[in-house]
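A closer look at the structure
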Amino acid sequence: MTVTLEVAEGVGTLRLDRPPMNALDIATQDRLKELAEEAADRDDVRAVVIYGGERVFAAGADIKEMQAMDHAAMVRRSRALQDSFTAVARIPKPVVAAITGYALGGGCELALCADYRIAADNAKLGQPEILLGLIPGAGGTQRLPRLIGPSKAKDLIFTGRQVKADEALAIGLVDRVVPAAEVYEQAHAWAARLAQGPAIALRAAKESVDTGLEADIDTGLAVERNWFAGLFATEDRERGMRSFVEEGPGKAKFV
């Protein structure tokens, strides 16, 4: 399989495994969507790590496969391409990308679908589609400017240039840079800590932020208000408040 889902202690690792560069061909895209939806549905998955292995995250689409496609074929395929990445973005649980080596084109777009990005100090990221006479087609023109702002996103998309880890950190494309040997360990630790948190509240927080970014502030406040009130019906809220009153902050055990 080109993508696998391994679950341990509440953390599901979505592992890309298509050597040598984890090129995202159609079969890999479809498998990614299938497993992202599985991770979203499984109760034993409380947080997710996206990982491409020690050498490379994903160097982009399978260009040879795409070269053989004409306009009609891509019209038929483009929605499924986007849907595979959107399935990752819509996992209603914390998702972290563990980025090693190259995260280019579709690889960068996949990293953008995570809530948090930890990159190796030798990582390189970018959207080089313009160098093929194309634009990003798996969400890059939409998710990248929402993350780093329109002018920085346009610079990367217009030029197709790659950015090293330090610049990616400076512009907000990644959130943490660590030694290459520690990328997965630190990403897993981030996910494992959140896997112990209140699952419904984390889902509410993610949906409130993501929905609010796509809507006007009044709509976003309404989503927040409804989730906030709704959480008062959960056992985790009762546990959290009782623990705070009786033991102090940060000691609650959630179910």
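Since we're looking at a predicted model, the values are computed, not measured.

Here we look at the nonpolar core
By size, the foremost hydrophobic cluster in this structure holds 60 residues, and its most contacted members are Phe57, Ile99, Leu125 and Leu173. Considering each element in turn, this core owes the most residues, six residues, to helix H8 (residues 183-195).

With respect to the sheet that holds strand S9 (residues 176-178)
Strand-to-strand pairing in sheets goes through backbone hydrogen bonds, with the strands running parallel or antiparallel. Reading across the sheet, the six strands line up as S1-S2-S3-S4-S6-S9 and stay open at both edges, with mixed pairing between neighbours. Single-partner strands in this sheet number two, and they are strand S1 (3-8) and S9. When strand polarity is set aside, the average angle formed by the axes of neighbouring strands in this sheet is 20°. Both strand S2 (residues 11-16) and strand S3 (residues 47-51) contribute to a ladder of five bridges, which runs parallel. From the neighbouring strand, glycine 12 faces S3, where its bridge partner is valine 48.

Things to note about the packing of aromatic side chains
Evaluated as defined, the whole model comprises three aromatic pairs. On the numbers, 5.1 Å between centres and 5° between planes, the contact of tyrosine 116 with tryptophan 190 is stacked. Here tryptophan 190 lies in helix H8 and tyrosine 116 lies in strand S6 (residues 116-120), a separation of 74 residues in the sequence. There is no split in this pair, since tyrosine 116 and tryptophan 190 are both buried. Judged by centre distance (5.6 Å) and plane angle (70°), the rings of phenylalanine 228 and phenylalanine 232 are edge-to-face.

The rules behind each value
- Residues numbered from 1 in each chain as written.
- Predicted model: local features only at pLDDT ≥ 70, side-chain atom pairs only at ≥ 80, totals over all residues.
- Heavy atoms only, no water.
- Core = buried A, V, L, I, M, F, W, Y, C linked by side-chain atoms within 4.5 Å.
- Buried < 20%, exposed > 50% of the residue type's maximum accessible area, 1.4 Å probe, protein only.
- Helix = DSSP H or I, 4+ residues; strand = E, 2+ residues; numbered from the N terminus.
- Pairing = 2+ DSSP bridges.
- Axes fitted to C-alpha atoms, helices over the stretch in contact; angles between N-to-C directions.
- Phe/Tyr/Trp six-rings, centres within 6.5 Å; stacked < 30°, edge-to-face > 60°.

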